[in-house]
Each structure stands twice: as C-alpha cells, then as structure tokens.
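The chain contents come next:
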Amino acid sequence: MKLHEYQSKEIFRKSGIPVPAGKLVHSADEAGEAVESINGPPWVVKAQVHAGGRGKGGGVKVVQEPAEVSIVTHTLLNSPLVTPQTTPEGVAINQILIEEGVEIEREFYLGMTVDRSVGMPTMIFSQAGGMSIEEVAATTPHLIKKEVVNPATGWMPFQARNLVFAVEPLPAPETLRGLTSVMQKIYRLFLDLDCSLVEINPLVITRSGDVVALDAKITIDDNALFRQKDLASLEDPKEKDPLERMADEYNLNYIRLDGNVGAMVNGAGLAMATMDVIKLAGAEPANFLDVGGGATEDMITKGFEIILKDARVKAILINIFGGILRCDVLARGVIEAARKNEIKVPLIVRLEGTNVEQGRMILAESELEFLVAKDLGEAAQLVAKQV
Ligand code: GDP
Ligand code: MN
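So, here's what we can say about the structure.

The next subject is the overall build of the protein chain. What the protein chain contains, in helices and strands, is 14 helices and 16 strands. Across its three principal axes, the protein chain shows a C-alpha extent of roughly 75 × 50 × 40 Å. A burial count over the protein chain gives 47% of its 387 residues as buried. Pairs at least 24 apart in sequence give 68% of the contacts found in the protein chain among residues at least 6 apart. Total accessible area on the protein chain is roughly 18,800 Å²; 52% of this is exposed by carbon and sulfur atoms.

Another aspect to go through is the site of ligand 1. K46, R54, G55, V102 and N201 are the nearest of the 16 residues found near ligand 1. The backbone of G55 places a nitrogen or oxygen atom 2.7 Å from an oxygen atom of ligand 1. Calculation on ligand 1 without its partners gives an accessible area of 570 Å², and the protein chains cover 79% of this total. Those elements that provide at least two residues to the shell around ligand 1 are β2 (43–47), α3 (54–57), β3 (60–63), β5 (104–115) and β8 (195–206). Class assignment of the residues belonging to the shell around ligand 1 gives a composition of seven nonpolar, five polar and four charged. There are two domains that each give the shell around ligand 1 at least three residues, and those are domain 1 (1–20 + 103–238) and domain 2 (21–101).

What follows concerns the packing of aromatic side chains. Note on aromatic pairs: each is described by the distance of the centres and the angle between the planes. Applying the stated rule across the entire model yields one aromatic pair. On the numbers, 5.5 Å between centres and 20 degrees between planes, the contact of F108 with F125 is stacked. One end of the pair, F108, is in strand β5; the other, F125, is in strand β6 (residues 120–126), and 17 residues separate them in sequence. Assessed through its relative accessible area of 1%, F125 is described here as buried.

Note on the manganese ion (ligand 2): its protein donors are N201 (O) and D215 (OD). The metal-donor distances range over 2.2 Å. Residue N201 is located in strand β8, and its partner D215 is located in the loop between β9 (211–213) and β10 (217–220); the two are separated by 14 residues in the primary sequence. In this structure, N201 and D215 share a single accessibility class: buried.

Let's shift gears to the nonpolar core. F12 and I186 are the most contacted members of the largest nonpolar core, which has 38 residues in total. Taken together, the elements giving at least two residues each to this core come down to α1 (5–15), β5, β6, α6 (157–164), α7 (173–192), β8, β9 and β10. I186 has contacts with F12, I17, L110, M112, M123, V198 and I200, leaving out every residue within four places of it along the chain.

Time to look at the environment of I104. Residue placement: I104 occurs in strand β5. With relative accessibility at 35%, the residue I104 sits in the partly exposed group. C-alpha separation for the pair I104 and L214, spaced 110 residues apart in sequence, amounts to 9.6 Å. Not counting residues within four places of it along the chain, the set of residues in contact with I104 comprises V204, I205, R207 and L214.

Moving on, we come to the sheet that holds strand β1 (residues 22–25). Taken together, four strands build an open sheet; the order of strands is β1-β4-β2-β3 and the sheet is antiparallel. Edge positions in the sheet fall to β1 and β3, since each has one partner strand and no second. Across the sheet, the mean angle from the axis of one strand to that of its neighbour is 20 degrees, orientation sign disregarded. Note: β1 against strand β4 (residues 96–100), four bridges, orientation antiparallel. From the neighbouring strand, L24 faces β4, where its bridge partner is L97.

Next up on the list: the packing of α1 against α7. At a minimum axis distance of 11 Å, the contact between α1 and α7 shows a crossing angle of 115 degrees. As α1 runs across α7, the sense of the crossing is right-handed. Here I11, F12 and S15 of α1 lie close against α7, whose contacting residues are K185, I186 and L189. Of the residues in the contact of α1 with α7, the class split is four nonpolar, one polar and one charged.

Glancing now at the side chain of S126. Secondary-structure assignment places S126 in strand β6. Among the polar contacts made by the side chain of S126, one reaches the main-chain amide nitrogen of A128 at a distance of 3.0 Å. Residues within four places of S126 in sequence aside, it is in contact with F108, Y109, I133, V136, L143 and I144.

What counts, and where the lines are drawn
- Residues numbered from 1 in each chain as written.
- Chains lettered and ligands numbered in written order.
- Predicted model: local features only at pLDDT ≥ 70, side-chain atom pairs only at ≥ 80, totals over all residues.
- Heavy atoms only, no water.
- Helix = DSSP H or I, 4+ residues; strand = E, 2+ residues; numbered from the N terminus.
- Buried < 20%, exposed > 50% of the residue type's maximum accessible area, 1.4 Å probe, protein only.
- Contact = heavy atoms within 4.5 Å.
- Areas by Shrake-Rupley, 256 points an atom, 1.4 Å probe, with all protein chains shown as cover.
- Near = heavy atom within 4 Å.
- Polar contact = N/O pair within 3.5 Å; in protein donor to acceptor, adjacent residues only side chain to side chain.
- Nonpolar A, V, L, I, M, F, W, Y, C, P; charged D, E, K, R; others polar.
- Domains from an automatic or database assignment.
- Phe/Tyr/Trp six-rings, centres within 6.5 Å; stacked < 30°, edge-to-face > 60°.
- Donors = N, O, S within 2.8 Å, 3.2 Å for Na, K, Ca; no water.
- Core = buried A, V, L, I, M, F, W, Y, C linked by side-chain atoms within 4.5 Å.
- Pairing = 2+ DSSP bridges.
- Axes fitted to C-alpha atoms, helices over the stretch in contact; angles between N-to-C directions.
- Left-handed = near helix turned anticlockwise from the far one by under 90°.

Right, here's the structure in full:
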C-alpha cells in the first residue's frame, strides 16, 4: 500500500525527520488561505498522486506570488497529470500540498528497501539526488552506495559513516550529523511500520546547512496491514486502478498490467505460467487474474466482467484447469458474463480437467463465439494472432 507524500511527511515529522512546513488543500480557495500561514516566498505547490516523476510532469511548481499559489492549485486540480510513471492519459489530482519553499544547496537520494538477493533491509544513498535514481543507476552507478543491514545488529553507526564519508566534497560536520540522524530514523521507521520502501528524493542540504526531506515516499507491505491498522486507514481508494478496486470488492486476485491480452485463469501459478506463455508467443498480458482454485460461477462472472471492462483488451484467453473448479461451472460463469456484457474481442478457450466435456458442450451450445485451443501453447499462439 502506497502512502501519499503528505502522509509520509506526517510520519517523518513524528519520527523527528525534518520536513518543510506545509498544508494539504482540496481547492484554490483553501490554497489561498493556506498560503497566509506558510512561510514564503517561495512556496511549493505539489500534486498528491501516487505516481512519481511529478516534477518532470509539471505536478510540482515553485511559485513566488501568493496569488499564484491558488492559480496553480486550480490548474492542477482541473487537469490530469502525465508523468513518466503514468499512462499517457494521466491521473486525476484530488489533493494538493502547499509547502514553504526551501533554498536548495545540495540534493541527495536516500532510500531503504529489502534487497531480495540477500534478503535483508538495505540502505541506498547517493549524492546524485533530485533526479530519477534509475537514471543515476544506469549512467553513474558508482555514485550509488549501499549498506545491507543485518537484522541481528540493526543499523550501525559505522554504516552511516560509510555512506556519508563517500560524499564529495565532504559536507560540514553538522550536516553529516543531520544525514546520519535521518538514516538511523529511516531504519527504525522502516522496521516499525513494516515498510517495503521508504524513499527521500531529494534529501537536501539547505543554504543554511540544514538537512530536510523535500519529498517522501512510503510503501507499506500489504501483508502486514493486519497489524498496522492505523496505517491501513490512510489508504486512498481514489488512487487505485478502478478495475483493481472492483476486483478487491469481489475478492479476486487481479492486477492490471500494460498489455492487451486479457487472461482469466484459475490458480496463481497457472496464471503466472499463462502470462509467460502469452509473452513467449509475442503478445503482452493485460492483467493477472487468478479466480481461485475453488471459484464459484458468480466469481467467474465477475472476473470476466472486469476483463471486459478493460478497454485496452484486444483478445481474451481463458485458461482453466478444472481441479476443484469444475469446467461446467466455468462455462456457465462465462456465458452469464457474456449475457450481461457485449463481447467485441476474440475469445480463446483452453479447458482441461473435471467435467471438461460438459464445459465444452455448454460453451458450444451457447451463442458465444470462441476458438478452442487443444493446449496452452496453441492457446497462446491463437491469442497472439488476434492482437
Ligand atoms: P517528484 O518529481 O514526484 O519526485 O517530486 P519532488 O517532490 O521530488 O519534487 C520535484 C523537484 O521539485 C525536486 O527534485 C526539487 O528540485 C523541486 N522542489 C521541491 N521542493 C522544492 C523547494 O522547496 N524549493 C525548490 N527550489 N525546489 C523544490
Ligand atoms: Mn522526488
């Protein structure tokens, strides 16, 4: 679960990590009011959306006049934001953070995540902050420093020194202390809140030598939300993909992807394998959907409905191995969904397992048009030809 910048900064503030003073607003009028109680000029007007790269997409504006704060807020709230991390249509902006502007002397990157190759939390620090860390990693990898944290010892002061003493030119001692203090707090917070990511880009040194987190990104491990009840309530349903939200309501495991082949599969492993075979055949999956081993007719109908609602889907592959889920149940679910929604794209079906003959018969006797594949490989070939 991702948190918004303003939510992450609130957590930082409570943990003692310095952040600029700011206020969350929902309208130009509120922005006009907020600016009176925030130090400036300059002020920074920041779109609160889950996509990163807002600076590049015009979602972060530094302004000099109080009147401009409301004007910029109005513009942002009324047009979608397109960044390198959104779709070309962009995302709606519903909330804006107004902050006091900070005079930047230097920009750093600081992040913590689990390095899966070693299975341990890892602090990542770079003196090339401000820009995309992916870009830094690609062009100047030597500027990215890492420290793996042994959970038995926790974050050790020498690790912070390893990171900050690599900075060239070396900042003043007071600033170095500021940086190491933020690192230690980030580690604590990462652990305490069950994070999968804490990221500050940029972590800046101001003209006056203070260390301040100008941006804040926190992702909480969904599997820990059962014990992070306070954080769970911070979820912003508006930021979620509408189809994923629908799937949540139906208790379906659905993740939207970038391709155009809709896939309905039972079982997570088979769903993963199906995505692999779709790619192998030269096409791209539009989603991951596991309707579950023991899916009911109703769940099949709902899963199929979600795929049909995705405008990018150009062909649908149904791959079911009937174990607990019987093929006749699947067939009836698909027909029910087809009755409610017009199917405008080719449908490829691969059925195997319990009651497969009945399932095939039910489909054949329906008015549904579809292609039958004899195995998964053929199904993928067929579907790739349609897109
Ligand atoms: P992101 O692009 O989504 O990561 O959004 P950021 O919060 O990182 O903001 C993008 C950029 O805006 C930062 O890298 C800074 O260069 C700039 N920025 C943000 N806050 C301030 C500020 O208070 N003063 C100045 N001068 N620039 C700022
Ligand atoms: Mn940033």
